[in-house]
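Residues per chain, in single letters:
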Amino acid sequence: MDKKHNEQMDRLRALAALPGNGRLETGIARVTMVRGAIAEHELATVYEPMINLILQGSKTMTVGEQTFDYDPATYFVMSVELPAVGVIRADAAGRPYLAVALTLVPSILAELIADLPPGCADSGGNAFSVAAVTPELLDAWTRMLDLMTRPGDIAALAPAYEREILYRVLQGPHGAMLRAIAAPDSTMARLASAITWIRRDFHLPLRVEALAARAAMSVSAFHRHFKAATSLSPVQYQKRIRLMHARTLMVAKGSSVAAAAYDVGYESATQFSREYARLFGMAPLRDAARMLAHTRNR
């Protein structure tokens with residue numbers, strides 16, 4: 001990192017020095033921060049469409065079969081809701097992980113894009129990626145986070161700074177990805193509609209033909225585009241959501257293995273346990289007990 005980059009990051013870290021750990025509200029709509037350790041089951045979850053900028057430490061994000069590492073030199077964009085597994089780390093000096101995120105709203109993107117020259121809306125089919133940060137993007141984030149010191153200015157200025165952050169991302173390697181989700185008839189937008197249906201009714205049997213029809217695609221085209229965007233097939237996507245939700249039920253709400261399995265749509269607790277162990281590396285009861293013990297010892 002050059003001197004200017006280090007100075008920008010130091011300024012952002014100073015602005016983000018909120019008390020506490022975990023997920024922190026900033027008082028700015030759609031802007032959240034994460035500081036320090038996060039419970040493991042909260043890092044294996046369905047992530048909202050977002051722009052995620054790490055200020056301190058690093059993160060590994062695994063979506064389907066693809067894994068990305070990023071740190072304060074890069075930023076991550078996810079354009080649709082995706083089940084993913086995250087691992088966060090402190091920096092080399094032992095300072096806690098610190099990151100800020102902006103939730104993406106297609107209607108806000110569409111309004112901004114309408115004011116810009118036409119650009120490519122072909123994202124290559126991928127709904128997530130990592131790119132190098134730029135001084136202009138860091139400057140925009142600095143203006144946004146500086147509003148936390150002047151809460152009276154948030155209502156008037158946050159929308160403008162949000163547009164600036166989005167504009168800087170639109171100018172970079174992720175620009176086509178953001179244009180794709182903002183265009184209502186794009187392949188990505190139609191996939192997002194199908195994903196919303198899976199997310200809402202994940203406990204119900206999956207009818208791929210109905211999803212393809214919702215996305216105005218043939219079944220084969222739907223499978224192909226869905227896998228390209230999410231790194232998962234529709235069935236794998238639903239399965240990840242079910243298993244991650246069941247994990248939360250067991251850890252956060254104390255549900256039994258059988259109750260969690262049936263609550264998320266499994267008809268067989270044996271099949272649930274087998275698929276859970278395949279995803280998380282151990283049987284559900286053992287995994288839940290391990291995470292609960294870790295939470296108590298923190």
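Coordinates for the structure precede this section.
Below: a short report on this structure. Note that the coordinates shown come from a computational prediction; the quantities given were computed from them, not determined experimentally. (Residues numbered from 1 in each chain as written. Predicted model: local features only at pLDDT ≥ 70, side-chain atom pairs only at ≥ 80, totals over all residues. Heavy atoms only, no water.)

Each helix and strand in the chain was counted, giving 13 helices and ten strands. Against the 2.2 N^0.38 benchmark of 19 Å for 298 residues, the chain shows a C-alpha radius of gyration of 20 Å, consistent with a compact globule. Dimensions of the chain, computed from the C-alpha atoms along their principal axes, are close to 55 × 50 × 35 Å. Within the span of the chain, comprising 298 residues, buried residues form 49% of the whole. Counting contacts in the chain only where the partners sit at least 6 residues apart, residues at least 24 apart contribute 72% of the total. Total accessible area on the chain stands at roughly 13,600 Å², and carbon and sulfur atoms take up 53% of it. (Helix = DSSP H or I, 4+ residues; strand = E, 2+ residues; numbered from the N terminus. Rg over C-alpha atoms; globule rule 2.2 N^0.38 Å. Buried < 20%, exposed > 50% of the residue type's maximum accessible area, 1.4 Å probe, protein only. Contact = heavy atoms within 4.5 Å. Areas by Shrake-Rupley, 256 points an atom, 1.4 Å probe, with all protein chains shown as cover.)

We now examine the sheet that holds strand β7 (residues 74–78). Read from one edge of the open sheet, six strands run β1-β2-β9-β4-β7-β10, paired in antiparallel fashion. Both outer strands of the open sheet, β1 (22–25) and β10 (128–132), are each paired with one neighbouring strand and no more. On average, each strand axis in the sheet is tilted by 25° relative to the strand beside it, whichever way the strands run. Alignment of β7 against β10, held across five bridges, turns out to be antiparallel. (Pairing = 2+ DSSP bridges. Axes fitted to C-alpha atoms, helices over the stretch in contact; angles between N-to-C directions.)

All right, on to the environment of Leu 82 then. Following the sequence through the fold, Leu 82 ends up in strand β8 (residues 82–89). Between the alpha carbons of Leu 82 and Arg 240 there is a distance of 9.4 Å; along the sequence they are 158 residues apart.

Further remarks concern the packing of aromatic side chains. Aromatic ring pairs are reported here in terms of the distance separating the ring centres and the angle at which the planes meet. Scanning the entire structure with this criterion turns up eight aromatic pairs. Judged by centre distance (6.2 Å) and plane angle (65°), the ring pair of Phe 68 and Phe 76 falls under edge-to-face. Neither residue differs from the other here; Phe 68 and Phe 76 are each classed as buried. Between Phe 226 and Tyr 237 the ring centres are 5.5 Å apart and the planes differ by 85°, which places this aromatic pair in the edge-to-face class. Of this pair, Phe 226 sits in helix α9 (residues 219–230) while Tyr 237 sits in helix α10 (residues 234–252); the two residues are eleven residues apart in sequence, bridging distant segments of the chain. When its relative accessible area of 0% is taken as the criterion, Phe 226 is described as buried. (Phe/Tyr/Trp six-rings, centres within 6.5 Å; stacked < 30°, edge-to-face > 60°.)

This part takes up the pairing of strand β5 (residues 58–63). Here β5 lies mainly inside the structure; five of its six residues are buried. The sheet contact formed by β5 and β8 spans five bridges and is antiparallel. Of the residues in β8, the one forming a bridge with Thr 60 is Val 87. Both β5 and strand β6 (residues 66–70) contribute to a ladder of five bridges, which runs antiparallel. Each residue of the ladder has a partner; that of Val 63, found in β6, is Gln 66.

Bringing the sheet that holds β8 into the picture now. Read from one edge of the open sheet, four strands run β3-β8-β5-β6, paired in antiparallel fashion. Only two strands of the sheet have a single neighbouring strand rather than two, namely β3 (44–47) and β6. If you compare each strand with its neighbour and ignore which way they point, the axes differ by 30° on average.

The backbone phi angle of Ala 216 is positive, close to 55°, even though this residue is not glycine. With respect to the helices and strands, the residue Ala 216 is situated in the loop between α8 (208–214) and α9.

Taken N-terminus to C-terminus, the directions of helix α3 (residues 106–114) and helix α5 (residues 154–170) make an angle of 70°; their axes are 10 Å apart at the nearest point. In terms of orientation, α3 and α5 fall into the roughly perpendicular class. Of α5, the residues touching α3 (which contributes Ile 108, Leu 109, Glu 111, Leu 112 and Ile 113) are Glu 162, Arg 163, Leu 166, Tyr 167 and Leu 170. (Parallel < 35°, antiparallel > 145°, perpendicular 65-115°, else oblique.)

Take the pattern of salt bridges next. Within the structure shown, the criterion is met by 17 salt bridges. For Asp 153, the salt bridge goes to Arg 150, with nearest N and O atoms at 2.4 Å. On the basis of relative accessible area, Arg 150 is assigned to the partly exposed category, the value being 28%. In the salt-bridge network here, residues are joined through shared partners; they are Arg 11, Asp 146, Arg 150 and Asp 153. (Salt bridge = Lys/Arg side-chain N within 4 Å of Asp/Glu carboxyl O.)

Moving on: the pairing of β1. Two elements, β1 and strand β2 (residues 31–35), share four bridges in a ladder whose sense is antiparallel. Directly across from Gly 22, in β2, lies its bridge partner Arg 35. Adjacent in sequence and paired antiparallel, β1 and β2 are bridged by five residues, among which Gly 27 carries a positive phi angle near 85°.

On to the environment of His 223, then. Tracing the backbone shows His 223 in helix α9. Between the C-alpha atom of His 223 and that of Val 208, which follows or precedes it by 15 residues, the distance is 8.6 Å. In contact with His 223, other than residues within four places in its own chain, are Val 208 and Pro 234.

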